[in-house]
Every structure is written in C-alpha cells, then in structure tokens.
Amino acid sequence: MAPRPNSGDGKTRGSMSLVIVVGLCCFFYLLGAWQRSGYGKGDKIAEKVTQQTDCTIIDNLEFETHNKGNFDTNIDDSSKASQFQSCSAEYIDYTPCQDQRRAMTFPRENMNYRERHCPPEEEKLHCLIPAPKGYVTPFPWPKSRDYVPYANAPYKSLTVEKAIQNWIQYQGDVFRFPGGGTQFPQGADAYIDQLAAVIPMENGTVRTALDTGCGVASWGAYLMKKNVLAMSFAPRDSHEAQVQFALERGVPAVIGVLGTIKLPYPSRAFDMAHCSRCLIPWGANDGMYMMEVDRVLRPGGYWVLSGPPINWKINYEAWQRPREELQEEQRKIEEVAKRLCWEKKYEKAEIAIWQKRMNADSCPGRSNSRDNICSTNPDDVWYKKMEACITPYPEANSPDEVAGGEIKTFPERLESVPPRISSGSISGVSVETYLEDNKLWKKHVKAYKRVNKILDAGRYRNIMDMNAGFGSFAAAIDSSKLWVMNVVPTIADKSTLGVVYQRGLIGIYHDWCEAFSTYPRTYDLIHANGLFTLYKNKCNTEDILLEMDRILRPEGGVIIRDEVDVLMKVKKLADGMRWNTKLVDHEDGPLVREKILFAVKRYWVVGENSTSSS
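Residues numbered from 1 in each chain as written. Predicted model: local features only at pLDDT ≥ 70, side-chain atom pairs only at ≥ 80, totals over all residues. Heavy atoms only, no water.

The chain is annotated in an unreviewed UniProt entry as Methyltransferase of Papaver nudicaule. In UniProt, the chain has this text filed under Sequence similarities (unreviewed entry): "Belongs to the methyltransferase superfamily." (UniProt positions renumbered as here; feature names shortened; annotations may be inferred.)

In structure tokens form, the structure reads like this:
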C-alpha cells in the first residue's frame, strides 16, 4: 500500500509558495520604483513575473448588504490601528455646517442663518456618527422612491403638516411617498406631464434640472421616468428631514437655500429650473434671486414657477391673501423676467413657464443701462455673495448660434465632446486630453468591477465622486440603477464642473476641508481619486475620512485611488474607523505607484462602544 501523503508537508509547501510569490512581488516592486526613470531590464522581468503570479490576491471583501432587519452587530476591534470612538446619541443626524444651534446665532435677513456656517477647527467632532437603532438598508430603486424605513429617519412631523398635500404618509414601519406635493396633490406624474406639454423632456433636450425648495423631492423622483436628472435642494428648517427623506428615497438632493451666497453650481449648468411654492421672494432684492437662476440656466433653458402669485386673479381667494399683494408680487416677477429677456411660453391655472433666450443678439434689451452686468467669473461662486447683476452671455458669432455652444441631446451628450472642451475655454485641456480621460476611466471602472462585482448591479443607488474631474467615472458607470454626485473641489487646478453638466451629469462645488451639505448616511458608495494628495498640507486627512464616514451608509462601499504612501496613511486611519479595508495594485501591475484602497463600512448603531468624544 502506498504511504499516505503528509498533509502537514502540503500545507508547508503551500505556505512557502505564497511567501515566495509575495517576496518576488515586493522585490520587483522596489526594483521598479528604483528604476522609475526608465523602463529597464528589471521592469521587464518584473512584468513577466506579474503575468505568471497573482500579486493582488486579497481576502474577499463583503460588498453585499446583510442588515435588512436582522442585524449582526458584533464589531471586531482586533485591529492594531487606534480606534475612533462613537459620538453620543444626540449626534445621530449631525450636519456640521447646518447645525441648528449654530444657525440660530446668525442673522435671519435673506435667510442667512439657513446657509452654510461650519464649526471652527477647535469645535470639530473627532468621533464616528452612529446610526439610529433599528437602521436598515434602504429599499432598492425603484421601490425606494415610494417607501423609506421609519427607523432610518424617524420624524413624523411632515406626515401631519403635509397630510392633505400627499407629501408623505406613515404606514407601520415605513413612510410612504405617494408622489404628491403642495402644488400637485394629485400626483407628480400628472404635474410633470403638464410641464412636458411645453418643455421638451421626452427627446433628451432637457436632461439636468434644478429644484429650489424641493420638499421631499417628489418632483425630482418622478422626473427620472423621463430620464431627467434633478439637483434638488431645501434648507434644514422646521420641515424636519425633508432632504434626508429625499436621499433615503434615492433621489439627488443637498441641504441648501437661496439666500445671500451664490449657488454652488457653474454658470449655464441646468436645462430647467423649478419652483413649486418654494417660498422664495423672487421679486425681492431687485430681482437678485431670479438673476441667480439666470446665471445657472443654460441658454434656451426653462424656468417653471407654480403657486403664488401666478394667475392671482383666479386663485387669490383659495390662497387667502390680498389681491393687491399678489398682484404686486407677480408684477415684480414679470418685470425682472423682462429685464432678463426671458420669453413667457405658458401660463395656466397656477403654472407659468419662461424660456431663456439663446444668445445676446436675440435680446438686445437685456444689457440696458438700468441693470449692472456682472464682471466677475460666473463659475467662481464658493462663498461669494450674490449680486443684483446680470451674467453676460458668452459671445456668439451669429444670431442663430447658441451662446457657449450647442449641447447635444442626452444620452449622446454623455460621450460627445462638450462645448467647454471643444472651444478651448479650459486652459491646458484639449479634445485629445478629454477623450483620453474618458478612455482611462472606462478601464479603471472595468478594473473596479473585478473586485466589486456588484458595482452597478443596483446595490449602490446614491454614489459620490469626491474629485470628479470631467465626470468620466460617472459616465463609465452610468446606469438607470444609480446616480453620481460629481464633486469638483474648490482647490482643484481646473474648474471642470461646467463640463460635467454639459455631459448631462450633475454635481457641485465643495471644499473637503469642510463638511458636505448633507445628512449622515446618505451615500451608498464613495469614490475618491487623488483626493488625499490634492488636500495634502491643506487640511487633516483624518477630518476628510471622518466626513466620508459620516455621509456613508452602514455597509456602504469606498474606493480610493491615490499614491501608495498616501494610501498607507489613509488605510491605517480607516482601519480604526470600523471599516474593512484592502489595498490592491493598480490594474497595470505592481510597478505603478498609484494603488487602490477598497473598503466597506461595518454595520453598527448607537449605543455600541458609545462615548462622547470631540
């Protein structure tokens, strides 16, 4: 009888093989780094070894969610990294730059107190924001449009305050969103169909929209049926958690207000802007708010106003407001619209629609002597005060030309070269640069899917790209199952957010040394390319990671692409934040200094290892 193999010897041989492979990988990585100035003999040998051995073997990260009602809340704290403590229960819905207590110390004039007011360095929290007890993974889209688990945003005030307007209903353990609104209690579908009879929403002409004072964002939620992507915003005010509800539903939204500071969007960004009884005094401050809408509205774009004071002669009794007051309010709006040279296309019942002209030649009266013409860069808006001035059109060569360049219909515009690129208006960026960036990100996303196979399968609905560039990551991952908030840092070398919008995507300017204008747990996946190198010596890596953790859902995913030495520091901090992390090689192999960190935020709720820390 043949002797039985020694199982211990097999394990030893397997262990030795693994040690040899890892040793070779490390040796040739160091050799390649030493020879960075050229592609030498050592690099060729290393490349051959890489092809024959898998140097990116990693333990499987669990990207699927498990917490849909039955929770395993045991936390493995065996990591050697220093552990961040949990914040106390009072911080469950903490939004640092829209904190209610701090807001009340600022002037109420022009809604200043509802704007961003971030804590100074010494008041920043250095603890992890906990999820509420009972927190569960949101329903997948499209079910999430209509239902939100009560435990995720346990606030019932809107169910009473907006009961007759069909905003939201409480049913057992969930909130139900019937698709109603103050101006469309019969449903958003019927309301949107009425708008679509005037505005071309069906053929891709209108792709990006702005909803001011959005409530729970039902307008934006139902626009997705027409492949229109809306950026919705509303303040954090007495209508508790309205933006939080929007994001729980899987609808793009941020906390914001039209007050004293310019909106954090580039000029000529949106195909359509909308206000449904949004309580903005449009005729006030010499028309400043309408002028700000004009700045962000592309030539040929549409502005929709529904509710008071439109058609006041018929509606004043139902609104229980004096005729004279409503008449004067509409007079001011009409006057500003005329100064902006918007053309009124429609007015019926309580809805009015205006269209912005295509260029300056089509409206010679727009720049008359009564109005100031803005002289500042219309894309430089971060913490810049609004002014009662009119943003000039880009130059057009003929009366028929669209100022700033004609934009293709969606989805063709997603891959075509945007006018801001083809015109050469972004210094140092050519058409070739843009096309190469597109090609590169398709390659990157393909590599991501080899590690996270469910990247675009519906597991992730709300995705954020923290350093979006031209929006090529979002374009490469584009799917009806998800949307991407493309963030362009205010300190970026090039202002590219206008390109993002011309592609039919949405995004926002932001400085990552401060908190983002959203509630905790509002994103399913966060992507960061070169972000920590960009902010090196600008602010603390720890603060940025804590903010990422605040806005990321339990069991949410993270993909960080950066230089290896930067990622080693990031990984050490992330390991102490209850994230499971794995560092992998660049898709081109171990000789490339750029690496990728994949992470998953573990599930835990308030009360687990909870100590107040700041």
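Along its length, the chain carries 19 helices and 19 strands. By residue count, 56% of the 614 residues in the chain fall in the buried class. Relative to all contacts within the chain whose residues are 6 or more apart in sequence, the contacts with residues 24 or more apart total 71%. Carbon and sulfur atoms provide 51% of the accessible area of the chain, an area that totals close to 26,900 Å². (Helix = DSSP H or I, 4+ residues; strand = E, 2+ residues; numbered from the N terminus. Buried < 20%, exposed > 50% of the residue type's maximum accessible area, 1.4 Å probe, protein only. Contact = heavy atoms within 4.5 Å. Areas by Shrake-Rupley, 256 points an atom, 1.4 Å probe, with all protein chains shown as cover.)

Our focus in this paragraph is the sheet that holds strand β8 (residues 297-306). Strand order in this open sheet of seven strands is β6-β5-β4-β7-β8-β10-β9, and the pairing throughout is mixed. The two strands at the open ends of the sheet, each matched to only one other strand, are β6 (253-255) and β9 (343-348). When strand polarity is set aside, the average angle formed by the axes of neighbouring strands in this sheet is 15°. Bridging between strand β4 (residues 208-212) and strand β5 (residues 229-234) involves five bridges; their strand directions are parallel. Following the sheet pairing, L210 is matched in β5 by M231. The strands touched by helix α6 (residues 188-196) within the sheet are β7 (270-276), β8, β9 and β10 (351-355), with β10 carrying the most contacts at an inclination of about 40°. Its contacts with the sheet place helix α11 (residues 323-340) against β8, β9 and β10, and it is angled at close to 150° to β9. (Pairing = 2+ DSSP bridges. Axes fitted to C-alpha atoms, helices over the stretch in contact; angles between N-to-C directions.)

Right, let's talk about empty space enclosed by the protein for a bit. With the rule as written, the count across this model stands at seven cavities of 30 Å³ or more. Approximately 270 Å³ is the volume attributed to the largest cavity. Residue lining of the largest cavity: 18 residues in total, with P96, L125, A515, D543 and E547 positioned closest to the centre. Considering only residue class, the lining of the largest cavity consists of 13 nonpolar, no polar and five charged. Considering only enclosed or pocket space, the second largest cavity measures out at about 80 Å³ in volume. (1 Å grid on protein atoms, 1.4 Å probe; cavity = no way out; pocket = protein on both sides within 12 Å on 5 of 7 lines; lining within 4 Å. Points joined across faces, edges and corners; volume = space filled by probe spheres on them. Nonpolar A, V, L, I, M, F, W, Y, C, P; charged D, E, K, R; others polar.)

Moving on, we come to the state of the cysteines. Two cysteines joined by a covalent bond between their sulfur atoms form a disulfide. Applying the stated rule across the entire model yields six disulfides. C97 shares a disulfide with C118; S-S distance 2.0 Å. Note on the C97 and C118 pair: the S-S dihedral is about 110°, so by sign convention the disulfide is right-handed. Pair noted here: C97 is in the loop between α2 (41-52) and α3 (100-103) and C118 is in the loop between α3 and α4 (143-146), with a separation of 21 residues, a long-range link. Classification of C97 by relative accessible area gives buried; the value is 1%. Take C118: its relative accessible area is 23%, and that puts it in the partly exposed class. C374 shares a disulfide with C389; S-S distance 2.0 Å. Across the S-S bond of C374 and C389 the torsion is about 100°, and the bridge reads as right-handed. Of this pair, C374 sits in the loop between β11 (372-373) and β12 (389-390) while C389 sits in strand β12, and the two are 15 residues apart along the sequence. Here C374 falls in the buried class, since its relative accessible area comes to 13%. For C389, a relative accessible area of 7% translates into the label buried. (Disulfide = S-S within 2.5 Å.)

Spanning 18 residues, α11 covers 26 Å between terminal C-alpha atoms, matching the ideal 26 Å at 1.5 Å per step. Where α11 is concerned, the buried positions are L326, Q330, I333, V336, A337, R339 and L340. At its buried positions, α11 is contacted by α9 (288-296), β8, α10 (312-319), β9, β10 and β12. A positive phi of about 65° marks C341, the residue just after α11. (Expected span 1.5 Å × (residues − 1).)

Burial within strand β15 (residues 506-510) is extensive, with five of its five residues counted as buried. The alternating pattern of β15 places I506, I508 and H510 on one face and G507 and Y509 on the opposite face, and all of these are buried. In terms of strand pairing, strand β14 (residues 483-489) meets β15 through five bridges, oriented parallel. Paired with M485 across the bridge in β15 is I506. Read as a crossover between parallel neighbours, the route from β14 over helix α16 (residues 497-502) to β15 is right-handed. (Right-handed = clockwise from strand over helix to strand, strands pointing away.)

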